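So you can see what is in the structure, the chains are spelled out below.
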Amino acid sequence: MKEPEFEVQPSCADVTVHNSISVAEARSAIQNQITPLRDQETVAIRSALGRYLACDCQSRLDVPSHTNSAMDGYALLGRDLPSEGVKSYEVIDTVTAGNISRKTVKAGQCVRIMTGGSMPAGTDTVVMQEQVQVMDDGLVRIDDRHRVGQNVRHIGEDIARDSVVFNEGRKLSAADVGVLASLGVAELRVKRRPRVAFFSTGDELRSMGDQLEEGQVYDSNRYTLYSMLTTAGAEVLDMGVIKDDKEALEEAFDSASKMADVVITSGGVSVGEADYTKEILERLGKMDFWSLAMKPGRPLTFGKIGNALFFGLPGNPVAVMLTYMQFVEPALRYFSSGEWPKLLLLKARSEAKLKKKPGRFEYVRGILSYDDEGDLTVRPSGTQGSGVLTSMSRSNCLVLLNEEINVVEPGDTVTVQPYDVVL
Ligand code: AMP
Ligand code: MG
């Protein structure tokens, strides 16, 4: 009698699983579902760091507000500088920052001036104090190596009155906050933060303080997610752990989607017995995709429930962080800025041989460092299993191995995405 044929199901061991889409396709599918936030609020300038401007920001002032000296020195008329040799000048006044001179400077005269001091009438040039000779009789001597107009900061040179300083959607840096302060802005209109509800799923998950029985694990995903979401400036709604129970999950999906702009779950997206995410998403909302040609992170499920975006992240802790970084974090930025961020990517020399399957995007947790010549090199941060969270915390970058790559030989150049700026 003939043996029945041995058939297997598609799985994550396959290079391209049936129905899986590419990382680039996933990115545009997510982008297509987002309507950037319009709601605004007013914040004090001290709370503006990391917030997104809700409107264009126009300057009501000139910065600097007056033409002033960039140096400690002597202000004079540029046309009165010696064209050759050395000339002597009478010092008729002193100006410090914040004060003005009421004198008008004429040929043969100058004013002692400090950095930031307003240029006295008639002057247009400053000679550094180190480059003059002060004589016993109080005259100063200046030689012929100077340029008309040197060492002067002109009114409006940094920012002209009525010009647009920052555009709507800009994420404010510390320097931006300083610029706004220099314009006298005490409060500003920013986008409200995106609200993100998240919970973990799994019967095996325990909370801190509980004793672990055989087969149980502490819930770590909620803590990595909480940390990443707060760093991204989201308003977080931590909904705890939900058991692998269809009704409880459905209720959690439903209430989360009513409270938040974005719902994030972890776990329950594989094809195991108790993996209900896909099924519930399809019932309550609309599923866009559920499988990506990437590793780790293949079973990322994405869709919408009502107005809320839904990200069903995998359960494995490394896959959670990775899919968050590649898709959720950029989506949150898109919500606020209306732009999908272009991440900083670097080139580095691989110290190790890296094997991968062509046809899918693979992310290796790496340690980026400088070699003796000062060139960037990268090596894997240890065992790359998607449950090995220490491989993530030891790493400071991701090595991005795109679909076309089969193998990386030691010495080959690879692309890395750093997530820590200090090596
Ligand atoms: P799942 O996607 O639910 O099949 O989970 C895949 C793996 O990730 C399992 O080993 C889970 O125990 C683990 N896992 C799921 N959720 C969490 C969590 N919140 N914290 C730590 N490990 C988790
Ligand atoms: Mg599970």
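Structure: above.
Residues numbered from 1 in each chain as written. Chains lettered and ligands numbered in written order. Predicted model: local features only at pLDDT ≥ 70, side-chain atom pairs only at ≥ 80, totals over all residues. Heavy atoms only, no water.

Let us look at the site of ligand 1. Close to ligand 1 lie 14 residues, the nearest being E204, D219, S220, G268 and G315. Between S200 and ligand 1, the recorded distance is 3.4 Å, taken from a side-chain N or O atom to a nitrogen atom. Within the side chain of N221, an N or O atom sits 3.3 Å from a nitrogen atom of ligand 1. For ligand 1, whose unbound accessible area comes to 480 Å², protein coverage reaches 76%. Grouping the constituent residues of the shell around ligand 1 by class yields 3 nonpolar, 8 polar and 3 charged. (Near = heavy atom within 4 Å. Polar contact = N/O pair within 3.5 Å; in protein donor to acceptor, adjacent residues only side chain to side chain. Areas by Shrake-Rupley, 256 points an atom, 1.4 Å probe, with all protein chains shown as cover. Nonpolar A, V, L, I, M, F, W, Y, C, P; charged D, E, K, R; others polar.)

Strand order in the open sheet made by the 6 strands is β7-β4-β6-β5-β9-β8, with mixed pairing throughout. Unpaired on one side and paired on the other, β7 (125–128) and β8 (133–134) mark the two borders of the sheet. In terms of strand pairing, strand β4 (residues 73–76) meets β7 through 4 bridges, oriented antiparallel. Residue pairing for β7: Y74 is matched across the bridge by V127. (Pairing = 2+ DSSP bridges. Helix = DSSP H or I, 4+ residues; strand = E, 2+ residues; numbered from the N terminus.)

This paragraph deals with the packing of helix α4 (residues 246–259) against helix α5 (residues 277–284). Between α4 and α5, whose axes approach to 10 Å, the crossing angle comes to 50 degrees. Between α4 and α5, the crossing angle belongs to the class labelled oblique. Considering the relative orientation of α4 and α5, their crossing is right-handed. From α4, K246, L249, E250, F253 and D254 reach across to α5, where they touch T277, E279, I280, L281, R283 and L284. Residue composition of the contact of α4 with α5, by class: 5 nonpolar, 1 polar and 5 charged. (Axes fitted to C-alpha atoms, helices over the stretch in contact; angles between N-to-C directions. Parallel < 35°, antiparallel > 145°, perpendicular 65-115°, else oblique. Left-handed = near helix turned anticlockwise from the far one by under 90°. Contact = heavy atoms within 4.5 Å.)

Core analysis: the largest hydrophobic core is formed by 42 residues, its most contacted members being I30, L225, L229, I264, F289, F311 and F327. Contributions of two or more residues to this core are made by α1 (23–33), β13 (195–201), α3 (221–231), β17 (262–266), β21 (308–313), α6 (317–337), β24 (361–370) and β26 (397–401). If one sorts the elements of this core by residue count, α6 sits on top with 12 residues. Looking at which domains feed residues into this core, each of domain 1 (23–38 + 193–337) and domain 4 (346–418) gives three or more. When sequence neighbours within four positions are dropped, the list of residues in contact with L229 reads V196, F198, A234, V236, I264, Y324 and L332. Counting residues in hydrophobic clusters, the runner-up holds 17 residues, among them F199, I242, L249 and I280. (Core = buried A, V, L, I, M, F, W, Y, C linked by side-chain atoms within 4.5 Å. Buried < 20%, exposed > 50% of the residue type's maximum accessible area, 1.4 Å probe, protein only. Domains from an automatic or database assignment.)

For the rest of this paragraph, the subject is the pattern of salt bridges. Counted by the stated rule, this structure contains 20 salt bridges. Salt-bridge contacts for K87 lead to D80; the nearest nitrogen and oxygen are separated by 2.5 Å. For D80, a relative accessible area of 6% puts it in the buried group. With its nearest N and O atoms 2.7 Å apart, the salt bridge here joins D176 to R170. Among the residues examined, D176 registers a relative accessible area of 5% and is labelled buried. One network of salt bridges, in which partners are shared, links K246, E250, E279 and R283. (Salt bridge = Lys/Arg side-chain N within 4 Å of Asp/Glu carboxyl O.)

Take it as geometry only, folks, not as evidence of what the structure does.
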